[in-house]
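Close look at the chain arrangement
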Amino acid sequence: MPGKIKALWYFCIVIIVVGFIALAAKGKVEEAREHSDATSKVAAEQQKIIDEKTVQIDPVKLVRELNALGKYQEAAEIARKAGERNPDHAQIQTWWGISLVKLDKRAEAIDHFILAAKKDPTDEKAHLYWGLTLAMDKKFEDAIDHYRVVLEINPEHSNAYAYWGASLSALERLPEAVSKLEESLVLNQFNSQAYGILIDVLYKQQNYERAWEMVHKARSHNASLQQSSVDRLSKVFPEPAPKL
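Below you will find a few notes about this structure. Just so we're clear, the structure is a prediction, and the values are computed from it rather than from any experiment.

On a plain count of helices and strands, the protein chain comes out with 12 helices and 0 strands. Along the chain direction, N to C, the helices and strands of the protein chain fall in the order α-α-α-α-α-α-α-α-α-α-α-α. Within the protein chain, contacts between residues at least 6 apart in sequence are counted, and of these 48% link residues at least 24 apart. Total accessible area computed for the protein chain in this model is approximately 15200 Å², and 57% of it derives from carbon and sulfur atoms.

Here it is, written out as structure tokens:
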């Protein structure tokens, strides 16, 4: 084979090989692009399914359950996302605030109680926890104002009377406190919180015999009591036999 022809033949072979490699590489790129597009499509579809499921879950129920499990940060984050999607949902704002109280972010929590009350003036839980949060900061008079609102919305709210009594006790207005706590127990004779606060108020009044009557009454209704309160009472006044 003449040298020129041979050189041309080799050159053609090189061109063919290079062309083949280039086409193969292009095919790989196209394949990779197609694979990437398919992966992105699957991911988008999966995210859509997750979003649909998230919308179907009752966020208030979920936040409530997370708080009950002590997962306050997670509860607050779920409430935040739900609140951003549903800015006019009062209950979400209330439970967002409750979660923040659990995280000791009381000032921030109150902002959400305020918003909840604006969105739904009948949201008794917003006012109840608003009052409790104020009481934590020793703003007892302001707290009482919110317990009053709760009782305007729901006159049979036993805990609102109990917390009102607790604030009155903190203000050393003991006879008034006893009255509110008794009202609480009229509405719910199984209210453990009302019994506990009332026993402590009666202790402060040195009305030990009546305090023991409340202990016996609580026990008869299987209402749980703080053992420390009972022990403190026992030290100053031995437990009398229950009245028949």
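Quick look at unusual backbone geometry now. Even without glycine at this site, Gln 206 takes up a positive phi of about 60°. Summarising the element assignment, Gln 206 is placed in the loop between helix 10 (192–204) and helix 11 (208–220). The phi dihedral of Asn 222 falls on the positive side, at around 55°, and the residue is not glycine. Structurally, the position occupied by Asn 222 is in the loop between helix 11 and helix 12 (227–236).

This brings us to the nonpolar core. Ranked by internal contacts, the top residues of the largest apolar core, which has 54 residues, are Phe 113, Leu 128, Tyr 147, Trp 164, Leu 198, Val 201 and Leu 233. Per element, the largest residue contribution to this core is 7 residues, and it comes from helix 10. The residues touching Leu 128, leaving out its near neighbours within four places in the chain, are Tyr 147, Val 150, His 157, Ala 160 and Tyr 163.

Let's shift gears to the side chain of Asn 67. In this structure, Asn 67 sits in helix 2 (residues 59–68). The exposure class assigned to Asn 67 is buried, which follows from its relative accessible area of 7%. For Asn 67, the side chain forms a polar contact with the side chain of Ser 99, separated by 3.0 Å. The residues touching Asn 67, leaving out its near neighbours within four places in the chain, are Tyr 72, Ala 75, Trp 95, Ile 98, Ser 99 and Lys 102.

This next bit is on helix 10. For the α-helix, the turn length of 3.6 residues means that residues three or four positions removed from each other point alike. In this model, helix 10 (13 residues) spans 19 Å end to end at C-alpha, consistent with the 18 Å of a helix rising 1.5 Å per residue. For helix 10, the complete set of buried residues consists of Ala 194, Tyr 195, Ile 197, Leu 198, Ile 199, Val 201 and Leu 202. Where helix 10 begins, the capping side chain belongs to Asn 191, and its oxygen is found 3.1 Å from the backbone nitrogen of Gln 193. Count one or two residues on from helix 10 and you reach Gln 206, which has phi positive near 60°.

We now examine the pattern of salt bridges. Pairing between side chains becomes possible if they bear opposite charge and their charged atoms approach one another. In the structure shown here, the tally under the stated rule is 14 salt bridges. Between Arg 80 and Glu 84 there is a salt bridge, with the nearest N and O atoms lying 2.7 Å from each other. One end of the pair is Arg 80 and the other is Glu 84, both in helix 3 (residues 72–85) and 4 residues apart, which spans about a single turn. Owing to a relative accessible area of 53%, Glu 84 belongs among the exposed residues under this scheme.

Turning our eyes to something else, we now look at the packing of helix 9 (residues 174–187) against helix 10. Helix 10 packs onto helix 9 with a crossing angle of 155° between their chain directions and a minimal axis gap of 10 Å. Judged on the interaxial angle alone, helix 10 and helix 9 are roughly antiparallel. Here helix 9 runs over helix 10; the crossing is left-handed. Counting all contacts with helix 9, which are made through Leu 174, Ala 177, Val 178, Leu 181, Ser 184 and Leu 185, the residues of helix 10 involved are Ala 194, Tyr 195, Ile 197, Leu 198, Val 201, Leu 202 and Lys 204. Tallied by class, residues from the contact of helix 9 with helix 10 come to 11 nonpolar, 1 polar and 1 charged.

Parameters and conventions
- Residues numbered from 1 in each chain as written.
- Predicted model: local features only at pLDDT ≥ 70, side-chain atom pairs only at ≥ 80, totals over all residues.
- Heavy atoms only, no water.
- Helix = DSSP H or I, 4+ residues; strand = E, 2+ residues; numbered from the N terminus.
- Contact = heavy atoms within 4.5 Å.
- Areas by Shrake-Rupley, 256 points an atom, 1.4 Å probe, with all protein chains shown as cover.
- Core = buried A, V, L, I, M, F, W, Y, C linked by side-chain atoms within 4.5 Å.
- Buried < 20%, exposed > 50% of the residue type's maximum accessible area, 1.4 Å probe, protein only.
- Polar contact = N/O pair within 3.5 Å; in protein donor to acceptor, adjacent residues only side chain to side chain.
- Expected span 1.5 Å × (residues − 1).
- Salt bridge = Lys/Arg side-chain N within 4 Å of Asp/Glu carboxyl O.
- Axes fitted to C-alpha atoms, helices over the stretch in contact; angles between N-to-C directions.
- Parallel < 35°, antiparallel > 145°, perpendicular 65-115°, else oblique.
- Left-handed = near helix turned anticlockwise from the far one by under 90°.
- Nonpolar A, V, L, I, M, F, W, Y, C, P; charged D, E, K, R; others polar.

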